[in-house]
Amino acid sequence: MAKTVRNKVAWVVFVLLAIGIGLYPLFYLVTSGEFGLLLGKDEAIRNSEVWRFAFYGHIIFGGLALLSGWSQFSKKLRAKKLELHRNLGKFYVISVLVSGLCGIYLGIYATGGIIPSVGFISLGIVWLFTTIRAYMAVRKKDLSLHQGMMIYSYAACFAAVTLRIWLPFLTIILGEFLLAYKIVAWLCWVPNMVFAHLWVRKKGLTLA
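Model, not experiment: these values are computed from the prediction.

### As for the overall build of the chain
Part 1: When its secondary structure is counted, the chain shows eleven helices and zero strands.
Part 2: Seen in sequence order, the chain has helices and strands lined up from the N terminus as α-α-α-α-α-α-α-α-α-α-α.
Part 3: Here the chain has a C-alpha radius of gyration of 17 Å; the compact-globule value for 208 residues is 17 Å, and the two agree.
Part 4: Structurally, the chain occupies a C-alpha span of about 50 × 35 × 35 Å along its principal axes.
Part 5: Put simply, the chain has 208 residues, and 39% of those count as buried.
Part 6: Considering only contacts in the chain between residues 6 or more positions apart, those separated by 24 or more positions represent 70%.
Part 7: As presented, the chain carries roughly 12,000 Å² of accessible surface, and 71% of it is formed by carbon and sulfur atoms.
Part 8: Here the chain carries 22 positive and 7 negative side-chain charges, and the mean point of each set is 22 Å from the other.

### Comments concerning the environment of Ser 71
Part 1: Tracing the backbone shows Ser 71 in the loop between helix H4 (49-69) and helix H5 (75-80).
Part 2: Look at Ser 71 and you get buried, because its relative accessible area is 6%.
Part 3: Considered as a pair, Ser 71 and Tyr 92 are 21 residues apart in the sequence and their alpha carbons are 10.0 Å apart.
Part 4: Residues within four places of Ser 71 in sequence aside, it is in contact with Leu 77 and Leu 88.
Part 5: Among the polar contacts made by the side chain of Ser 71, one reaches the side chain of Gln 72 at a distance of 3.5 Å.

### Quick notes on the packing of helix H7 (residues 114-139) against helix H8 (residues 143-157)
Part 1: Viewed as axis vectors pointing N to C, H7 and H8 meet at an angle of 155 degrees, and their least axial separation amounts to 8 Å. Looking at the two axes, H7 sits roughly antiparallel to H8. In this structure, H7 meets H8 at a crossing whose hand is left-handed. The segment H7 lies against H8, with Leu 123, Trp 127, Thr 130, Thr 131, Arg 133, Ala 134, Ala 137 and Val 138 engaging Leu 143, Leu 145, His 146, Met 149, Met 150, Tyr 152, Ser 153, Ala 156 and Cys 157.
Part 2: Of the residues that constitute the contact of H7 with H8, the class distribution is twelve nonpolar, four polar and one charged.

### Points about the nonpolar core
Part 1: Counting residues in each nonpolar core, the largest one holds 39 residues, and the members touching the most others are Leu 66, Tyr 92, Tyr 154 and Cys 188.
Part 2: Put simply, the parts of the chain that give this core at least two residues each are helix H1 (2-22), H4, helix H6 (82-107), H7, H8, helix H9 (159-174), helix H10 (177-187) and helix H11 (190-203).
Part 3: Looking at this core element by element, the count peaks at nine residues for H8.
Part 4: Not counting residues up to four positions away in its chain, the partners in contact with Tyr 154 are Phe 14, Ala 18, Ala 65, Leu 66, Gly 69, Trp 70, Phe 73 and Tyr 92.
Part 5: Counting eight residues, the second largest nonpolar core, distinct from the first, contains Tyr 28, Ile 45, Trp 51 and Phe 55.

### Some thoughts on the pattern of salt bridges
Part 1: Across all of its chains, the model carries one salt bridge by this definition.
Part 2: Here Glu 83 ties to Arg 86 by a salt bridge, and the two come within 4.0 Å at their closest N and O atoms. Of this pair, Glu 83 and Arg 86 both sit in helix H6, separated by three residues, roughly a single helical turn.
Part 3: Its relative accessible area of 47% is what places Arg 86 among the partly exposed residues.

### Regarding a positive patch on the surface
Part 1: On the surface, Lys 8, Lys 76, Lys 80 and Lys 81 cluster together into a positively charged patch.
Part 2: Here Lys 80 lies in helix H5.
Part 3: Residue classification places Lys 80 among the exposed residues on the basis of a relative accessible area of 69%.

Cut-off values and rules
Residues numbered from 1 in each chain as written. Predicted model: local features only at pLDDT ≥ 70, side-chain atom pairs only at ≥ 80, totals over all residues. Heavy atoms only, no water. Helix = DSSP H or I, 4+ residues; strand = E, 2+ residues; numbered from the N terminus. Rg over C-alpha atoms; globule rule 2.2 N^0.38 Å. Buried < 20%, exposed > 50% of the residue type's maximum accessible area, 1.4 Å probe, protein only. Contact = heavy atoms within 4.5 Å. Areas by Shrake-Rupley, 256 points an atom, 1.4 Å probe, with all protein chains shown as cover. Lys, Arg positive; Asp, Glu negative; His and termini not counted. Charge placed at Lys NZ, Arg CZ, Asp CG, Glu CD. Polar contact = N/O pair within 3.5 Å; in protein donor to acceptor, adjacent residues only side chain to side chain. Axes fitted to C-alpha atoms, helices over the stretch in contact; angles between N-to-C directions. Parallel < 35°, antiparallel > 145°, perpendicular 65-115°, else oblique. Left-handed = near helix turned anticlockwise from the far one by under 90°. Nonpolar A, V, L, I, M, F, W, Y, C, P; charged D, E, K, R; others polar. Core = buried A, V, L, I, M, F, W, Y, C linked by side-chain atoms within 4.5 Å. Salt bridge = Lys/Arg side-chain N within 4 Å of Asp/Glu carboxyl O. Patch = residues over 30% accessible without salt bridge, like charges linked within 9 Å, V, L, I, M, F, W, Y side chains within 5 Å.

The quantities given are spatial measurements derived from coordinates; they are silent on function.
Structure follows, in structure tokens:
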């Protein structure tokens, strides 16, 4: 009984975080002037049309991926509304492709130099790879591989949430934003991958 309650609470928290951060890009669309991460960028970068296109493409479609992706783990949705599950899955894949490609480009210009750049570019590559592999697997009706890769994919997607949890705490603890940002470029997603690996093993999914 206690385990069931804990699982339900964890699920609710998981969904609320996904929705909350998924809607976060709206602040950039409704706020006049520079906001959030834009404040830390050089004026030359902010004024680049290509960079701004990639930035808004990344946050908007990343938000849509967060908003649609969590539903893929709902057993009730898969069982009762399989067609909706499939359509949301396709929407998630498209969102990841746009956001992931934009994210890799943005990683080149990450604040703090090579360490965060490599971290965020690696995240983008992992996100794209696992998502594409999950889509190809379900096309081949390999549900075990599909489910496993989707766990990894959404764990990468959830880095948007864990980044916003870790960054303020690290900034306070370390007393320096830039150092915290260099660390969080890796901390926001590597532990997520470890968690995903343990989850996949627990479910006994085959990824070969």
